[in-house]
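Notes for the structure review
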Amino acid sequence: MKKTILKTISVVLLATFIGSCEKPETNENIESIENTKPIDAFDQKAPNCYGQTRYINHNQTIPKGWVLISSTGSTWKIKCTTGAPYGAEIDIVPKSVIPSGWVLITDNDRYWEIKCVIKGRYKTKLNIVSNSVIPADWVLTGTRPNVWEITCVNKALYKSQLEIIPNSTIPKDWVLTRTVGSIWKITCTSGASYSDKLDIIPNSTIPKDWVLIHTTGSSWKIKCAGGNSRYGHELRIIPNSVIPAGWVLKRNVGSTWLIACTKKATIGKELEIIPNSTIPKDWVLSSANNSRWIITCITNAAFNASVKVVRNSTIPKGWVLSKVIHGYWIIKCTNKAPFRGKVEIVANSVIPYGWVFTGRTPMLNWYIVCAKGAKPGDLLTIMPNSVIPPGWKRISASPSSWLIRYK
């Protein structure tokens, strides 16, 4: 019996001794365990964590802004790319994801080398691995076996030009202006002023805020409708061509269309447009017949401002139907109304949110009052059985009125 007890004690002591001699967890193992957190645990740490490394389990998704730099075993090592300066380089695991704004400059079986090209400057050139992704703000300007040359277009001035490889992607705000042999010439449109002109290759893409004004077999002429364009400006364009945002069709007779600018118009300004054409945002239809429509600007209207509109036209948000007159309506603005601001509306028309029905006019229209902006304890008298807005409570009632209090 004694021998059995002694043998048991010996086994326990031996196991304890062996356990105490095992290699402790390294810092790397501890870090890998600590960092097996939800995916966004790294993503949200800091907006500029460039250079930081973390460990994740092999079955975790690599978060946005991080790249895989080691994939040995079940624990993977990743590095942050967010906030990297232009020209920074990182070695990553081959065939792993390359983040936006980075390019592949070296590829082999052991590693891939990537380079940050965010915030590059116009005409900067760089060699990348052929057939790899060309980032935004860069164009393909040369090709050699296994190597492509790309050039930066970022912050180029109006009318800057570059020669690119035919059929390669033309970046935003650039147009194709010449094709000669194995070269395409592109021109920058960014920074152009209203009415500036450019000649482009027929059937090429017309950039945003430009219009087509003339066509021949060998070239198209386009004109800038952006830049410093404003209300009062007009342009003649090719029929059925695209009308840019901020412009309306004024005439469509003959070999050209006349378009008019609505940008920077103020309250009450008017424009004539073609019947059944689109009415832009912050404009209303104030007169209409078979040959022409007149639209009126309501941008930044003050509280209680009045505008005449065609009957049965859509009442814009922030406006109410105030009067019905033969042939047209009068609408009033409720935007920027102070607490207790009062407006007269047509009986049984829509009462906007945050307003209350307070009485009738001698002509049986309704008075509505703004209940927004009230302070605790403020009182309003409203018509019986009308809607009480959120935050208000009825405190007394009579056959002719209700008294409500805010909170």
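Notes on the structure follow. (Residues numbered from 1 in each chain as written. Predicted model: local features only at pLDDT ≥ 70, side-chain atom pairs only at ≥ 80, totals over all residues. Heavy atoms only, no water.)

Right, let's get into the overall build of the protein chain. Within the protein chain, the secondary structure is distributed over three helices and 30 strands. Sorting the 407 residues of the protein chain into buried and exposed places 41% on the buried side. Long-range contacts, defined as pairs at least 24 residues apart, comprise 35% of the intrachain contacts of the protein chain with a sequence gap of at least 6. Just so you have it, the protein chain exposes about 24,000 Å², and 52% of that area is on carbon and sulfur atoms. (Helix = DSSP H or I, 4+ residues; strand = E, 2+ residues; numbered from the N terminus. Buried < 20%, exposed > 50% of the residue type's maximum accessible area, 1.4 Å probe, protein only. Contact = heavy atoms within 4.5 Å. Areas by Shrake-Rupley, 256 points an atom, 1.4 Å probe, with all protein chains shown as cover.)

Another point: the packing of aromatic side chains. In total, this model carries eight aromatic pairs according to the counting rule given. Taking 6.3 Å as the distance between ring centres and 35° as the angle between the ring planes, the aromatic pair formed by Tyr122 and Trp174 counts as tilted. Of the two residues, Tyr122 is situated in the loop between β6 (112–116) and β7 (125–129) and Trp174 in strand β11 (residues 174–180); the sequence distance between them amounts to 52 residues. Ring plane angle 20° and centroid distance 6.2 Å describe the contact between Tyr194 and Trp247, whose orientation is recorded as stacked. Placement of the pair is Tyr194 in the loop between β12 (183–188) and β13 (197–200) and Trp247 in strand β17 (residues 247–251), with a sequence separation of 53 residues. On the basis of relative accessible area, Tyr194 is assigned to the buried category, the value being 19%. (Phe/Tyr/Trp six-rings, centres within 6.5 Å; stacked < 30°, edge-to-face > 60°.)

What follows covers the pattern of salt bridges. Scanning the entire structure with this criterion turns up six salt bridges. In this structure, Lys125 engages Glu149 in a salt bridge whose closest nitrogen and oxygen atoms are separated by 3.8 Å. Within this pair, whereas Lys125 is found in strand β7, its partner Glu149 is found in strand β9 (residues 147–152), the two being separated by 24 residues in sequence. Overall, Lys125 belongs to the partly exposed group, its relative accessible area being 48%. When the shortest N-O distance is used, the salt bridge between Lys221 and Asp199 registers 2.9 Å. (Salt bridge = Lys/Arg side-chain N within 4 Å of Asp/Glu carboxyl O.)

Below, the discussion takes up the layout of surface pockets. In this structure, the largest pocket occupies an estimated 210 Å³ of space. Considering the residues around the largest pocket, the lining is formed by 14 residues, among which Asp282, Ile298, Lys317, Trp319 and Asn335 are closest to the centre. (1 Å grid on protein atoms, 1.4 Å probe; cavity = no way out; pocket = protein on both sides within 12 Å on 5 of 7 lines; lining within 4 Å. Points joined across faces, edges and corners; volume = space filled by probe spheres on them.)

Moving on, we get to the side chain of Lys223. Along the chain, Lys223 falls in strand β15 (residues 220–224). Put simply, Lys223 is tucked away with no salt bridge, and the nearest opposite charge, on Asp196, sits 9.2 Å away. Excluding its chain neighbours within four sequence positions, the residues that come into contact with Lys223 are Ser195, Asp196, Lys197, Asp209, Trp210, Val211, Ile213 and Leu235. (Lys, Arg positive; Asp, Glu negative; His and termini not counted.)

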